[in-house]
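Here are the chains, one letter per residue:
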Amino acid sequence: MKKILFYFDRNAVKMFVDKVNEAGEKTIALSSPNNFVARAEIVARVIDVNEDTNIENKLDPGYTYYNVADFKSLKVDWGVYFDPTEKAYKASEFGFITYNNGTLRLLPAMSVTRDKLKAYFFVHPTKFGKIPSYQDIEEYLLANKILAGLGQKKIEEDLMRINPEEKKLTKLLVAKGKEPVTGHDEYFIPIINIDKKAGEILSDGRINYKEVGSIIQVTKHQELLKRVPAVKPENGYNIYGDKVVAETEIANGLKKGANIVQSGNDENIFCSAIDGCVVVENKIFSVLPIAVINGDVNYETGNIDFNGSVHIHGSVIAGFNVKATGDIIVEKTVEDATIQADGDITVKMGVVGKEAVKIIAGGNLNAKYLLNAKVETGGDIIVEDSIINCYVFSNNMISVVAKSGKIIGGEVTALHEIVVKVSGAPNETETVLKVGRNIFIERKLRDLKKEIARVKDEVAETMRLLKVNFGEGVFEDPKKYISILPAIKKKKCLTLLQELNAGNKELKVLMENARKVQQGLKLERDPVIRITDKVYPGTIISIKRSVKKIDSIASNVKYYEDPAEKIVRFTAAN
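These remarks concern the structure in this document. (Residues numbered from 1 in each chain as written. Predicted model: local features only at pLDDT ≥ 70, side-chain atom pairs only at ≥ 80, totals over all residues. Heavy atoms only, no water.)

1. Re the overall build of the chain
Consideration 1: Regarding its fold elements, the chain presents five helices and 45 strands.
Consideration 2: The C-alpha atoms of the chain give a radius of gyration of 48 Å, which is well past the 25 Å a tight globule of 574 residues would have.
Consideration 3: Summarising its shape, the C-alpha atoms of the chain cover approximately 145 × 85 × 50 Å along the three principal directions.
Consideration 4: Residues counted as buried form 41% of the 574 residues belonging to the chain.
Consideration 5: In the structure as shown, the chain presents an accessible area of about 31,700 Å², 49% of it carried by carbon and sulfur atoms. (Helix = DSSP H or I, 4+ residues; strand = E, 2+ residues; numbered from the N terminus. Rg over C-alpha atoms; globule rule 2.2 N^0.38 Å. Buried < 20%, exposed > 50% of the residue type's maximum accessible area, 1.4 Å probe, protein only. Areas by Shrake-Rupley, 256 points an atom, 1.4 Å probe, with all protein chains shown as cover.)

This is the structure we're talking about:
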């Protein structure tokens with residue numbers, strides 16, 4: 001009976017197969033190590049045997065691996081031929097032998113990448129420990145019209161590194177074209193973190209979602225950007241010698257904007273030309289002297305704390321804080337928030353507080369109206385419409401003189417002058433207007449008086465301890481008194497005297513500071529309150545320490561303190 005003797009694994013119809021490793025990952029693996037054959041190597045033959053036990057007697061010398069199938073007419077395809085002399089099927093090239101649908105076919109051992117820029121030769125020692133020669137590989141290259149081979153020297157050196165005794169697959173690079181150089185314009189990458197935070201982790205582990213760092217503050221000369229120089233595109237060629245046209249890509253980087261200058265230390269490092277904040281718009285990286293919020297101050301922006309001026313195009317939502325060393329401009333409203341600026345504050349659509357809004361300005365405050373707010377300014381307060389139920393202080397003057405300008409409720413204090421159209425309301429809402437008072441200085445004096453009282457108490461206690469322990473004589477001549485004391489008492493007495501001396505010195509400094517602060521209460525001009533339209537009962541007029549309660553409606557009045565009698569008087573406002 002006829003059988004077909006295969007010297008390879010006839011179940012392997014592809015060189016590589018997909019497998020799943022122990023980790024569940026999909027990988028590519030060699031389908032069979034027994035199917036690599038060299039030139040003229042027998043791959044199959046038809047044999048006649050009486051019994052299957054006689055098959056081994058039909059093996060060709062040196063062949064040990066085999067499998068057998070019932071006879072079926074064999075066809076040959078690329079890489080396989082029939083040798084009539086030996087009556088056997090042989091490989092005409094080095095490659096991977098397969099049997100599929102009655103056909104013997106050699107799979108080429110060479111693979112070309114999709115971009116045609118590289119060619120690889122798969123080398124695996126055959127059953128006889130043979131590997132391809134340079135000539136074998138060169139024939140593949142010529143047959144496939146590949147022009148960009150790596151050359152005989154390089155390929156032979158790589159072949160020499162392969163151990164024919166080790167049954168291992170080697171992916172050998174045999175041809176390589178020139179990759180095109182993709183061009184791009186100059187671009188910049190930030191060398192500082194410009195991403196917002198999710199929030200700030202507090203000491204107890206909670207997260208403050210109002211601290212997101214949306215304003216990135218930088219200082220003059222601070223390094224901010226690294227330049228990636230432009231690259232000119234260069235064409236390449238593939239392994240067949242065909243031109244590969246280079247592309248010019250749009251780099252996913254930033255462009256240099258305003259107030260960004262080259263560092264003196266590195267031509268590719270750029271720094272800020274000013275103190276300011278980082279702004280990135282349309283991929284343009286700039287530093288601006290003013291922080292601009294294009295919307296509301298809310299959880300998106302977080303609290304704002306900026307060393308400069310801040311311009312807010314929306315509102316400041318309740319619960320948030322805005323602090324600036326320059327000016328603050330709010331295009332819309334301020335709710336129950338805290339706004340603090342060393343310079344001026346402008347709120348174009350008014351302050352709408354319920355119970356927690358606080359405005360502190362080192363300069364002037366301009367607003368459409370103030371409602372339920374606490375306000376302190378080092379300059380003027382100019383309100384267009386109304387001040388209602390507020391506690392307000394200006395270190396100069398307050399003006400509410402628009403068409404419907406009015407002050408109703410609360411306590412409004414200015415150092416020199418209050419000018420308003422209407423004070424109080426027909427229902428006699430208590431409205432306190434004060435001038436000639438400086439709450440900044442009064443606050444300092446109050447704090448100093450507390451300190452003076454504390455130090456006086458400490459000095460008095462030290463005096464008491466000295467008298468109790470050493471008598472009045474210690475004050476007459478302390479040096480002489482101490483010299484006659486026993487060592488243990490001498491140390492205690494000396495310590496108490498030193499404490500007394502230090503306390504008296506501190507008290508003297510505090511008293512001098514209080515005197516200097518007191519001098520700041522002197523006014524540049526006589527304080528007045530002008531009510532140009534109407535003042536209602538319930539309004540309380542306070543000028544310096546003189547107070548007058550309005551008990552009847554009056555119009556167009558100016559209130560001032562009589563310097564001789566120290567009482568509030570009034571005259572026509574105009």
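What follows continues from the structure just given.
2. Quick notes on the packing of aromatic side chains
Consideration 1: Overall, the coordinates contain 16 aromatic pairs when judged by the stated rule.
Consideration 2: Ring centres of phenylalanine 470 and tyrosine 481 lie 6.4 Å apart, and the angle between their planes is 90°; this geometry places the pair in the edge-to-face category. Of this pair, phenylalanine 470 sits in helix α3 (residues 439-470) while tyrosine 481 sits in helix α4 (residues 478-483), and the two are eleven residues apart along the sequence. In terms of burial, phenylalanine 470 and tyrosine 481 fall into one category: buried.
Consideration 3: Just above the ring of tyrosine 120 sits the side chain of lysine 171; from NZ or CZ to the centre is 4.4 Å.
Consideration 4: It is lysine 210 that lies over the ring of phenylalanine 320; its NZ or CZ is 5.2 Å from the centre. (Phe/Tyr/Trp six-rings, centres within 6.5 Å; stacked < 30°, edge-to-face > 60°. Lys NZ or Arg CZ within 6 Å of the ring centre and 35° of its normal.)

3. Concerning the pattern of salt bridges
Consideration 1: This structure, assessed with the given rule, holds 31 salt bridges.
Consideration 2: Between lysine 90 and glutamate 86 there is a salt bridge, and its shortest N-O distance comes to 2.9 Å.
Consideration 3: Judged by its relative accessible area of 39%, glutamate 86 falls in the partly exposed class.
Consideration 4: In this structure, arginine 530 engages glutamate 417 in a salt bridge whose closest nitrogen and oxygen atoms are separated by 2.8 Å. Of this pair, arginine 530 sits in strand β41 (residues 528-535) while glutamate 417 sits in strand β39 (residues 417-423); the two residues are 113 residues apart in sequence, bridging distant segments of the chain.
Consideration 5: The partly exposed category is assigned to arginine 530, whose relative accessible area is 26%.
Consideration 6: In this structure, a network of salt bridges that share partners links the residues Arg39, Glu93, Asp136 and Glu139. (Salt bridge = Lys/Arg side-chain N within 4 Å of Asp/Glu carboxyl O.)

4. Comments concerning the layout of surface pockets
Empty space among the atoms becomes apparent when a probe as large as a water molecule is rolled across them.
Consideration 1: Of the pockets and cavities examined, the largest pocket occupies roughly 460 Å³.
Consideration 2: Considering the residues around the largest pocket, the lining is formed by 16 residues, among which Ser214, Val278, Val279, Val280 and Val292 are closest to the centre.
Consideration 3: Among the elements of the structure, β25 (276-281) and β27 (290-293) are those that each provide at least two residues to the lining of the largest pocket.
Consideration 4: Element by element, the count of residues in the lining of the largest pocket is highest for β25, at five residues.
Consideration 5: Taken together, the residues of the lining of the largest pocket sort by class into ten nonpolar, three polar and three charged. (1 Å grid on protein atoms, 1.4 Å probe; cavity = no way out; pocket = protein on both sides within 12 Å on 5 of 7 lines; lining within 4 Å. Points joined across faces, edges and corners; volume = space filled by probe spheres on them. Nonpolar A, V, L, I, M, F, W, Y, C, P; charged D, E, K, R; others polar.)

5. Here's the deal with the sheet that holds strand β10 (residues 95-100)
Consideration 1: Read from one edge of the open sheet, four strands run β4-β10-β11-β7, paired in mixed fashion. The outermost strands of the open sheet, each flanked by one partner alone, are β4 (36-37) and β7 (75-76).
Consideration 2: Bridge count between β7 and strand β11 (residues 103-108): two bridges; the pairing is parallel. Bridging from a neighbouring strand, valine 76 pairs with leucine 104 of β11. (Pairing = 2+ DSSP bridges.)

6. Comments concerning the side chain of asparagine 67
Consideration 1: Here asparagine 67 lies in strand β6 (residues 67-70).
Consideration 2: Among the polar contacts made by the side chain of asparagine 67, one reaches the main-chain carbonyl oxygen of phenylalanine 8 at a distance of 2.6 Å.
Consideration 3: Ignoring anything within four residues of it in the chain, the contact list for asparagine 67 reads Ile4, Leu5, Phe6, Phe8, Asp9 and Arg10. (Polar contact = N/O pair within 3.5 Å; in protein donor to acceptor, adjacent residues only side chain to side chain. Contact = heavy atoms within 4.5 Å.)

7. A short note on the environment of valine 112
Consideration 1: Its location among the elements puts valine 112 in strand β12 (residues 110-112).
Consideration 2: A relative accessible area of 30% means that valine 112 is categorised as partly exposed.
Consideration 3: Considering only alpha carbons, one finds valine 112 and lysine 176, 64 residues apart in sequence, at a separation of 9.9 Å.
Consideration 4: Beyond its immediate sequence surroundings of up to four residues, valine 112 is in contact with Lys118, Ala119, Ile146, Ile239 and Tyr240.

8. Quick word on the nonpolar core
Consideration 1: Ranked by size, the top nonpolar core spans 55 residues in total, and within it Val310, Ile328, Val334, Leu370, Ile387 and Tyr559 carry the most contacts.
Consideration 2: Dropping the residues within four chain positions of it, valine 334 is found in contact with Val316, Ile339, Val347, Gly350, Val351, Val352, Val357 and Ile359.
Consideration 3: In terms of nonpolar packing, the next biggest core, distinct from the first, is built from 26 residues, Met110, Phe122, Tyr140 and Val174 among them. (Core = buried A, V, L, I, M, F, W, Y, C linked by side-chain atoms within 4.5 Å.)

9. Overview of helix α2 (residues 152-160)
Consideration 1: All buried positions along α2 are accounted for by Ile155, Asp158 and Leu159. Angularly, the buried residues of α2 cover 100° about the axis, an arc narrow enough to put them on a single face. Exposed residues on α2 whose side chains face more than 90 degrees from its buried face are Lys153 and Met160.
Consideration 2: Looking at the buried side of α2, the elements it contacts are β13 (118-123), α1 (134-143) and β14 (170-176). (Arc of directions from axis to C-beta.)

10. Digging into unusual backbone geometry
Consideration 1: Residues other than glycine seldom take positive phi values, yet histidine 221 does so here, at roughly 75°.
Consideration 2: Residue placement: histidine 221 occurs in the loop between β18 (217-218) and β19 (223-228).
Consideration 3: Given a relative accessible area of 58%, histidine 221 falls into the exposed group.
Consideration 4: Its identity is not glycine, yet asparagine 372 carries a phi of approximately 55°, on the positive side.

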